[in-house]
Amino acid sequence: EDQVTQSPEALRLQEGESSSLNCSYTVSGLRGLFWYRQDPGKGPEFLFTLYSAGEEKEKERLKATLTKKESFLHITAPKPEDSATYLCAVLNNAGNMLTFGGGTRLMVKP
Amino acid sequence: ETGVTQSPTHLIKTRGQQVTLRCSSQSGHNTVSWYQQALGQGPQFIFQYYREEENGRGNFPPRFSGLQFPNYSSELNVNALELDDSALYLCASSPIAGGQETQYFGPGTRLLVL
């Protein structure tokens, strides 16, 4: 059974204070690891897909990296509008089911 | 390009009732997946539909059922509602089933069971 654990559960940062969110996973065969951003009461918004260890992707202040056991979402010089819950998920071997972690709730104060 | 849409946005039902939630997939996508998200938790996979047939199911009882139509839109039906069914129900579409495709989510339907 695929498992995903995210840490920390909540993170408070000052504007401009860089940090990283962790996603640890166990899967029978990694088809893909996905990062989503979710604002309160809304659906998850796609950020990145990573397929193999060593892969990195960037978008504005966000950078996602992947190893064989975990993924990191690095946030550089965050702004208050980056405040959201960040979800990590892995795609199962059948390629149909995403298994999500519990998310990290990020709060960036001005 | 139209994204994933869901209706209704909010719904209030009483225990024992039945509910139908609807989803229109993103343009060009033929696969629809449904997830349940309880407050403060990550989404949980209910099932996926591809070519109008169920293509995988999570750990949910049979009173959760679905349909997919020829235009790739989909319905989620829940019978005999229980208080624990209160959650955000998310629909996601992807271009194809069984690959490595990204699933794109709709805004969700918030269901409250009293």
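That block above? That's the structure.
Residues numbered from 1 in each chain as written. Chains lettered and ligands numbered in written order. Predicted model: local features only at pLDDT ≥ 70, side-chain atom pairs only at ≥ 80, totals over all residues. Heavy atoms only, no water.

Participant: How should I be thinking about the interface of chain A and chain B in this particular structure?
Facilitator: One frequently used descriptor of interface size is the decrease in accessible area upon assembly of the parts. Listed as interface residues are 21 residues of chain A and, on the opposing side, 24 residues of chain B. Summed over both partners, the interface of chain A with chain B comes to about 1,600 Å²; 52% of that surface belongs to carbon and sulfur atoms. Our enumeration of links across chain A and chain B arrives at zero salt bridges. Across the chain A-chain B interface, the total number found is eight residue pairs in polar contact (both at pLDDT 80 or more). (Contact = heavy atoms within 4.5 Å. Buried area = accessible area lost by both parts, 1.4 Å probe. Salt bridge = Lys/Arg side-chain N within 4 Å of Asp/Glu carboxyl O. Polar contact = N/O pair within 3.5 Å; in protein donor to acceptor, adjacent residues only side chain to side chain.)

Participant: Just to check I follow, could you spell out the sheet that holds strand E1 (residues 5–7) of chain B for this structure?
Facilitator: Strand pairing within a sheet occurs via backbone hydrogen bonds; the two strands may be parallel or antiparallel. Residues and elements named next belong to chain B. In space, the four strands of this open sheet follow the order E1-E3-E8-E7, with antiparallel pairing throughout. Two strands in the sheet have a free side with no partner beyond their single neighbour: E1 and strand E7 (64–68). Going from strand to strand, the sheet's axes swing by 20° on average, the running direction of each strand aside. One ladder, built from five bridges, connects E7 with strand E8 (residues 74–78); its direction is antiparallel. For Ser65, the partnering residue across the bridge sits in E8 and is Asn77. (Pairing = 2+ DSSP bridges. Helix = DSSP H or I, 4+ residues; strand = E, 2+ residues; numbered from the N terminus. Axes fitted to C-alpha atoms, helices over the stretch in contact; angles between N-to-C directions.)

Participant: How should I be thinking about unusual backbone geometry in this particular structure?
Facilitator: Negative phi characterises most residues that are not glycine, and trans characterises most peptide bonds. The omega angle of the peptide bond from Ser7 of chain A to Pro8 of chain A is -10°, so this bond is cis rather than trans. Tracing the backbone shows Pro8 of chain A in the loop between strand E1 (3–7) and strand E2 (10–14). The linkage connecting Ser7 of chain B with the following residue, Pro8 of chain B, adopts the cis geometry, with an omega of -10°. Looking at where Pro8 of chain B falls in the secondary structure, it is placed in the loop between E1 and strand E2 (10–13). Residue Tyr72 of chain B is not a glycine yet carries a positive backbone phi of 75°. Checked against the element boundaries, Tyr72 of chain B lands in the loop between E7 and E8. By relative accessible area, which is 39% here, Tyr72 of chain B ends up partly exposed. The backbone phi angle of Ala80 of chain B is positive, close to 45°, even though this residue is not glycine. Secondary-structure assignment places Ala80 of chain B in the loop between E8 and strand E9 (87–94). Overall, Ala80 of chain B belongs to the partly exposed group, its relative accessible area being 42%. (Buried < 20%, exposed > 50% of the residue type's maximum accessible area, 1.4 Å probe, protein only.)

Participant: Explain the state of the cysteines here, please?
Facilitator: By definition, a disulfide is the covalent link that joins the sulfur atoms of two cysteine residues. For the structure on display, the rule yields two disulfides over all chains. Note on cysteine connectivity: Cys23 of chain A is disulfide-linked to Cys88 of chain A, with sulfurs 1.9 Å apart. Residues Cys23 of chain A and Cys88 of chain A are joined by a disulfide whose S-S torsion is about -60°; by sign, that bridge is left-handed. Here Cys88 of chain A lies in strand E9 (residues 84–91) and Cys23 of chain A lies in strand E3 (residues 19–26), a separation of 65 residues in the sequence. Judged by relative accessible area, which is 0%, Cys88 of chain A ranks as buried. Disulfide pairing places Cys23 of chain B opposite Cys91 of chain B at an S-S distance of 1.8 Å. In this structure the cystine formed by Cys23 of chain B and Cys91 of chain B twists about its S-S bond by roughly -55°; its chirality is therefore left-handed. Of the two residues, Cys23 of chain B sits in strand E3 (residues 19–24) while Cys91 of chain B sits in strand E9, which places them 68 residues apart along the sequence. (Disulfide = S-S within 2.5 Å.)

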